[in-house]
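# Structure at a glance
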Number of protein chains: 2
Amino acid sequence: MIATQAFDPETFRREAREIIDWIADYWQTLVNKPVLSQVDPGWVRAQLPMLAPEQPESLQAVLADMDRVIMPGLTHWQHPGFFAYFPANTSGPSIYGELLTAGLGVQGMLWATSPACTELETHVLDWLQQLLGLPARFASTATGGGVIQDSASSGVLCALIAARERATAQQSNASGLHQREQPLVAYTSTDAHSSVEKAVAIAGIGRDWIRKIPTNTRGEMDTTALAAAMRGDADSGNRPFFVAATVGTTSCGAFDPVLEIATCTRLHNAWLHIDAAWAGAAAICPELRQAIVAGAECADSWGFNPHKWLLVNFDCHTLWVADRGALTRALSVKPEYLHNPASQSGAVIDYSDWQVPLGRRFRALKLWMTLRMIGAHALRQHILQHVALAAEFAGWVRADPRFELLCEPSLSLVCFALRAGDKASAELLYSVNQSGVLFCSHAKVSGRYAIRLAIGGTLTQKVHVASAWQALITCADALEKSQS
Amino acid sequence: MIATQAFDPETFRREAREIIDWIADYWQTLVNKPVLSQVDPGWVRAQLPMLAPEQPESLQAVLADMDRVIMPGLTHWQHPGFFAYFPANTSGPSIYGELLTAGLGVQGMLWATSPACTELETHVLDWLQQLLGLPARFASTATGGGVIQDSASSGVLCALIAARERATAQQSNASGLHQREQPLVAYTSTDAHSSVEKAVAIAGIGRDWIRKIPTNTRGEMDTTALAAAMRGDADSGNRPFFVAATVGTTSCGAFDPVLEIATCTRLHNAWLHIDAAWAGAAAICPELRQAIVAGAECADSWGFNPHKWLLVNFDCHTLWVADRGALTRALSVKPEYLHNPASQSGAVIDYSDWQVPLGRRFRALKLWMTLRMIGAHALRQHILQHVALAAEFAGWVRADPRFELLCEPSLSLVCFALRAGDKASAELLYSVNQSGVLFCSHAKVSGRYAIRLAIGGTLTQKVHVASAWQALITCADALEKSQS
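Worth saying up front: this structure is predicted, and the values here are computed from it rather than measured. (Residues numbered from 1 in each chain as written. Chains lettered and ligands numbered in written order. Predicted model: local features only at pLDDT ≥ 70, side-chain atom pairs only at ≥ 80, totals over all residues.)

## Description of the overall build of chain A
As a reminder, the rule being used: Helix and strand assignments follow DSSP, with helices taken as H or I runs no shorter than four residues and strands as E runs no shorter than two, numbered in order from the N terminus. Here the radius of gyration uses the C-alpha set of atoms, whereas the globule reference equals 2.2 Å times the residue count to the power 0.38. Partly exposed residues are those whose C-beta has more than 12 but fewer than 20 other C-beta atoms within 10 Å; 20 or more makes a residue buried and 12 or fewer makes it exposed, with C-beta atoms placed from the backbone. This entry defines residue contacts through backbone-placed C-beta atoms, with two residues in contact when those atoms are within 7 Å.
In terms of helices and strands, chain A carries 18 helices and eleven strands. Here the C-alpha radius of gyration of chain A, 24 Å, is about what a compact globule of 484 residues would show, namely 23 Å. Considered along the principal axes of its C-alpha atoms, chain A spans approximately 70 × 60 × 45 Å. In chain A, which comprises 484 residues, the share counted as buried stands at 63%. Long-range contacts, defined here as pairs at least 24 residues apart, represent 74% of the contacts in chain A between residues at least 6 apart.

What follows is the structure in structure tokens.
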């Protein structure tokens with residue numbers, strides 16, 4: 001009776017509790033583990049048998065391997081000393097949401113395949129649009145609406161495809177870009193996320209047709225250069241069709257001047273996409289909002305990642321569009337076997353028309369549970385405390401003559417370096433990451449090698465930021481000594 | 001102290017157990033619920049408050065809303081009477097895997113960002129390649145390797161982009177398809193999944209450049225027509241570059257003749273992708289394997305969905321490529337902030353180079369736990385019992401003079417109709433789905449309206465298939481009576 005083996009409620013109650021306890025123990029001991037995995041390539045695989053087992057193994061056997069094999073191979077993204085890249089934080093309620101999603105196992109490709117999966121998503125994205133102070137046109141009750149995607153990469157790809165269709169009068173999906181005399185041109189800044197370039201390549205536009213506009217010393221797109229590039233393309237018979245502006249760049253957290261960019265996109269009737277993947281979460285705080293949503297009323301699409309800094313676990317990118325028809329005209333494919341009266345009535349959203357994949361998990365649950373069980377007020381405190389910690393850390397950097405800030409901190413991101421130069425900074429980063437106390441990553445900021453400290457972990461408090469600074473100066477001391 | 005509110009281990013132990021019990025109760029009572037949601041559009045949203053809460057709400061409040069608001073809006077994909085589309089089955093171990101994934105919260109975009117996340121995936125996909133009897137060249141130890149994607153749609157898109165790059169000597173990502181004199185042409189059958197067409201549109205090839213090759217009466221691609229179409233394109237100066245063959249079509253489960261198709265792709269040096277999204281799982285059974293993997297040794301890429309029929313919950317598509325370099329050359333983008341010694345050494349896999357998104361969850365855990373805790377032997381029994389049930393159901397259809405099979409059952413899929421015609425079949429389907437006992441979907445098979453019964457649910461046993469047939473004949477009786 002395989003059904004019983006696959007899912008027996010009483011076994012499930014017992015075993016799932018063991019997993020719950022294992023996870024709770026993990027979080028309780030997390031702070032004592034080295035943040036960054038220390039294994040060599042191939043170590044994890046070398047611990048595993050060559051073939052899948054024929055007969056079932058016990059949960060105990062699997063959990064023992066979690067401890068023995070998986071644990072050493074993990075870099076602990078939930079460790080309070082994780083400051084690399086951008087955070088991918090989570091929370092109890094978000095884990096409950098994922099658990100319910102897996103336990104229900106519904107697939108919401110169409111409204112009809114589970115109406116609650118679609119309607120909760122639409123509803124919670126309207127909640128979020130209001131919490132962030134995004135323009136009303138992004139609400140589902142207006143002409144727009146929001147959708148959950150796996151990542152900002154997929155979000156920008158969908159926006160780009162919608163823009164491509166709009167710019168070609170709904171011809172590019174049908175005829176492709178072959179033999180097109182007027183090339184489409186996209187624009188973003190040199191500091192934009194690599195996903196813009198990846199989307200342009202995937203969409204058949206080609207990387208040669210993306211103009212990477214230079215940034216000023218603060219990392220913000222130079223709009224004079226943008227205007228000149230768009231005009232130049234238009235004069236040469238090309239078609240400027242898409243601009244991706246970044247609110248909170250990966251390197252240094254810079255905010256592109258969206259309002260000035262919007263003047264350019266309007267002039268050329270180009271699609272304006274705003275990538276606020278990391279910084280967007282901070283718009284829930286009225287004191288931080290203005291700089292983040294400025295110009296959003298001019299955008300065709302706007303996306304951020306609740307999975308970065310809003311206590312919802314990866315994957316949860318939220319993308320809003322001002323004109324949902326532009327998205328669905330570009331992405332809808334409805335074969336006979338998906339036809340159903342609700343879709344044909346036009347009264348419902350079928351989210352498979354808003355994304356690349358057909359199928360979809362019930363991801364709205366984790367967003368809903370996080371918003372409800374933590375509440376908007378505490379989420380704002382979560383953001384504000386990290387912003388305050390970044391300011392404090394920046395003060396310590398400023399006060400140490402060996403270090404310098406490479407730019408002013410942006411929200412909870414601090415980019416700094418050793419005055420001794422790029423090589424010294426890279427050595428310091430390597431050495432401090434080996435200590436196990438923290439994990440920072442790096443970027444190029446104004447041509448310099450920058451150590452990036454991105455605060456945002458679920459458990460990250462002042463004590464962890466202070467320990468990170470302590471570890472940095474200890475390593476800097478040791479490196480100085482070894483070189484003298 | 002927001003960190004404590006976001007994740008407190010003791011609260012988590014207590015609350016997560018309540019969720020576990022809620023899920024176990026759900027599965028225990030599932031069979032008593034109507035399979036198909038009966039709500040009208042807008043009903044779910046109308047039950048929800050207009051704004052997100054400021055202050056935290058209790059788990060009890062959320063679970064009460066799960067019962068009151070979400071439950072009526074669900075179509076129960078795990079109900080043993082769910083026979084629509086293809087199954088999206090799951091299992092206890094798979095749910096444990098999702099729970100661990102959420103609880104660990106690691107993000108495996110690079111090997112370096114959590115080596116175990118990458119290495120376990122590579123390893124488990126090698127396990128699966130052997131279990132399925134796929135050619136050795138798809139193993140990571142040869143020139144190929146496997147990757148988990150969210151869905152078959154994303155899998156075929158990645159394969160198509162790799163094919164596009166190969167056919168253009170690595171030029172299409174860079175230069176795009178603009179001003180290209182020789183259009184690229186893709187081929188698939190009229191019965192192929194809509195995701196092929198969607199991928200071709202997204203990639204800028206254009207739907208006009210996909211040739212939908214007719215099928216024979218069994219729904220298999222006509223390879224004479226394929227050969228003629230490819231030759232015709234080549235003669236006209238077009239470039240045949242990609243063929244998607246289907247092993248187990250959505251409409252009726254037909255298997256395209258892969259070996260004959262491979263003769264055509266070889267002649268034109270076109271990429272051969274095999275979409276075995278549903279049927280692929282059955283290759284773990286030696287008695288079913290031959291028809292499923294025949295010709296796989298000629299394929300450049302081969303994908304199936306463990307999330308359909310292998311007791312791993314959505315999302316889990318597994319894609320193998322014969323030449324991993326072809327995939328990574330097409331999809332790798334490595335900005336400065338992702339540079340790290342392991343990537344630069346070339347000794348590791350960075351799975352962000354194998355997919356559209358940058359970030360990724362630790363999805364290998366659910367596949368690993370399912371394979372280990374259920375074991376290969378029981379997974380085979382799971383498949384075989386559904387195939388046997390489909391044969392039995394087909395016998396009942398054959399024996400009832402009002403009904404007819406529209407084709408021979410394929411694995412666990414049965415397509416049938418009322419002899420009274422399409423309208424009668426559509427009315428029967430509508431009426432039986434309203435009964436709540438089962439949920440079937442429909443397709444066009446040889447131009448006829450087919451009722452599709454796809455057996456594959458985790459809990460689906462003979463009694464449920466027999467009840468489905470009983471409900472169908474009861475509804476057919478009622479419809480006959482109402483029309484006489």
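## Points about the interface of chain B and chain A
How big an interface is tends to be stated in terms of the accessible area lost upon association of its parts. So the rule is basically this: Following the grouping adopted for this structure description, the nonpolar residues are Ala, Val, Leu, Ile, Met, Phe, Trp, Tyr, Cys and Pro, the charged ones are Asp, Glu, Lys and Arg, and the polar ones are all others, Gly among them.
Between chain B and chain A, the contact holds 134 residues from the first and 134 residues from the second. Looking at the side of chain B that touches chain A residue by residue, the classes come out as 69 nonpolar, 45 polar and 20 charged.

## Describing the packing of helix H10 (residues 223-235) of chain A against helix H11 (residues 258-268) of chain A
Residue and element names in this part refer to chain A. So the rule is basically this: Orientation is described by axes fitted as lines to C-alpha atoms, over the contacting stretch for helices, and by angles from 0 to 180 degrees between their N-to-C directions. By definition in this entry, angles of less than 35 degrees are roughly parallel, angles greater than 145 are roughly antiparallel, angles of 65 to 115 are roughly perpendicular, and the rest are oblique.
H11 packs onto H10 with a crossing angle of 10 degrees between their chain directions and a minimal axis gap of 9 Å. In terms of their interaxial angle, H10 and H11 are classed as roughly parallel. Where H10 abuts H11, its residues Thr223, Leu226, Ala227, Met230 and Ala234 lie against Glu260, Ile261, Cys264 and His268. Across the contact of H10 with H11, the residue classes tally to six nonpolar, two polar and one charged.

## Side note on the sheet that holds strand E1 (residues 145-149) of chain A
Residues and elements named next belong to chain A. Going by this rule: At least two bridges found by DSSP between two strands is the condition for calling them paired.
Strand order in the open sheet made by the seven strands is E1-E7-E6-E5-E4-E2-E3, with mixed pairing throughout. Each of the sheet's edge strands pairs with one partner strand only, and the pair in question is E1 and strand E3 (210-213). Recorded for the sheet is a direction-independent mean angle of 20 degrees between the axes of neighbouring strands. Relative to strand E7 (residues 317-321), strand E6 (residues 301-304) runs antiparallel, the two sharing four bridges. Bridge assignment links Phe304 to a residue of E7, and that residue is Thr318.

## With respect to helix H17 (residues 422-434) of chain B
Residues and elements named next belong to chain B. We count it as follows: A helix is expected to reach a length of 1.5 Å times the quantity of its residues less one.
The terminal C-alpha atoms of H17 lie 18 Å apart, and with 13 residues this matches the ideal 18 Å at 1.5 Å per residue to within 8%. Where H17 is buried, its residues contact strand E9 (413-418), strand E10 (441-445), strand E11 (448-454) and helix H18 (462-483). Once H17 finishes, Gly436 follows within two positions and takes phi at roughly 85 degrees, a positive value.

## Remarks on the confidence of the model for chain A
Note the threshold: As a per-residue quantity, pLDDT reports the predictor's confidence and falls between 0 and 100.
Chain-level statistics for chain A give a pLDDT mean of 96 and a share of 100% at 70 or above. Here the predicted complex carries an ipTM of 0.97, next to a pTM of 0.97.

## Examining the domain arrangement of chain A
All names here are of chain A. The line we're drawing: Note that the domain bounds were set by an automatic or database domain assignment.
Domain annotation of chain A identifies domain 1 (106-361) and domain 2 (369-483). Computed over C-alpha atoms, the centres of domain 1 and domain 2 are 30 Å apart. Taken together, the 23 residues of domain 1 in the interface contact 20 residues of domain 2. Elements represented by at least two residues in the side of domain 1 that touches domain 2 include exactly helix H6 (115-132) and helix H13 (306-309). Sorting elements by how many residues they give to the side of domain 1 that touches domain 2 places H6 first, with three residues. Each residue belonging to the side of domain 1 that touches domain 2 can be placed in one class, and the counts come to 15 nonpolar, six polar and two charged.

## Regarding unusual backbone geometry
Residues and elements named next belong to chain A. A cis amide bond links Phe314 to the next residue, Asp315, at an omega of 10 degrees. Here Asp315 shows up in the loop between H13 and E7. A positive phi angle, near 50 degrees, is found at Ala169, a position not held by glycine. Summarising the element assignment, Ala169 is placed in the loop between helix H7 (152-167) and helix H8 (172-175). With phi around 65 degrees, Leu311 is a residue other than glycine that occupies positive phi space. For Leu311, the location among the structural elements is in the loop between H13 and E7.

## A look at the relation of the copies chain B and chain A
Between the two copies of the chain lies a relationship made up of a rotation around an axis and a movement along it. Just so we agree on the cut-off: Copy-to-copy alignment: least squares on C-alpha atoms, limited to residues at pLDDT 70 or above in both.
When chain B is fitted onto chain A, the two copies agree to an RMSD of 0.0 Å after a turn of 180 degrees and an axial shift of 0.0 Å. Taken together, the turn and the small shift mark the pair as related by a two-fold rotation axis. Both copies present the same face, since 100% of the interface residues in chain B are matched by interface residues at the equivalent positions in chain A.

## Things to note about the sheet that holds strand E8 (residues 403-405) of chain B
Residues and elements named next belong to chain B. Strand order in this open sheet of four strands is E8-E9-E11-E10, and the pairing throughout is antiparallel. Two strands bound the open sheet, and with one partner strand each, they are E8 and E10. Each strand of the sheet is rotated relative to its neighbour by a mean of 40 degrees, with strand direction disregarded.

## Some details on the packing of H6(A) against helix H16 (residues 364-399) of chain A
Helices that pack against each other are described as a pair by the angle of their axes relative to one another and the distance between those axes. All names here are of chain A. The condition that has to hold: Crossing handedness is defined as follows: a turn of the near helix away from the far one that is anticlockwise and smaller than a right angle gives a left-handed crossing, while the clockwise case is right-handed.
Between H6 and H16, the least distance of the axes is 9 Å, while the angle of their chain directions is 45 degrees. For the element pair H6 / H16, the angle class is oblique. You can see that H6 and H16 cross each other, and the crossing is left-handed. For the pair formed by H6 and H16, the contact residues are Cys117, Leu120, Glu121, Val124, Trp127 and Leu131 on the first element and Ala364, Leu367, Trp368, Leu371 and Ala376 on the second. For the contact of H6 with H16, the class distribution of residues is ten nonpolar, no polar and one charged.

## A closer look at the pairing of strand E5 (residues 271-275) of chain A
Residues and elements named next belong to chain A. Where we set the bar: Here is how to tell: hold the view so the strands point away, follow the path from the first strand over the helix to the second, and if it runs clockwise the crossover is right-handed.
E5 sits mainly inside the fold: five of its five residues count as buried. Pairing geometry for strand E4 (residues 239-246) and E5, over five bridges, is parallel. Bridging across to E5, Ala244 finds its partner in His273. After leaving E4, the chain enters H11 and then returns to the sheet as E5, a path that is right-handed. Both E5 and E6 contribute to a ladder of three bridges, which runs parallel. Each residue of the ladder has a partner; that of Asp275, found in E6, is Gly303. Of the crossover connections in this fold, the one passing from E5 over helix H12 (residues 286-293) to the parallel E6 is right-handed.

## Some remarks on the environment of A:Phe242
Residue and element names in this part refer to chain A. Here Phe242 is to be found in strand E4. With 186 residues separating them in the primary sequence, Phe242 and Pro56 have C-alpha atoms 53 Å apart. For Phe242, the residues in contact, after removing those within four places along its chain, are Leu160, Ala163, Ala186, Ala270, Trp271 and His273.

## Structural notes on the environment of B:Gly133
Along the polypeptide, B:Gly133 turns up in the loop between helix H6 (115-132) and strand E1 (145-149). The contacts of B:Gly133, once residues within four sequence positions are left out, are B:Ala283, B:Arg289 and B:Val293.

## Thoughts on helix H5 (residues 92-104) of chain B
Residue and element names in this part refer to chain B. Relative to the 18 Å expected for 13 residues at 1.5 Å per residue, H5 spans 18 Å between its end C-alpha atoms, a close match to the ideal helical length. Taking burial as the measure, the 13 residues of H5 include 13 buried ones, the bulk of the element. Note on H5: the residue one or two positions beyond its end, Gly105, has a positive phi of about 55 degrees.

## Structural notes on the environment of A:Phe362
Residue and element names in this part refer to chain A. Among the secondary structure elements, Phe362 is positioned in the loop between helix H15 (341-345) and H16. A tally of 28 C-beta atoms within 10 Å means that Phe362 is categorised as buried. Spatially, the C-alpha atoms of Phe362 and Ile374 are 20 Å apart, while their sequence positions differ by twelve residues. What Phe362 contacts, discounting residues up to four positions off in sequence, is Thr101, Leu104, Val106, Gly108 and Cys117.

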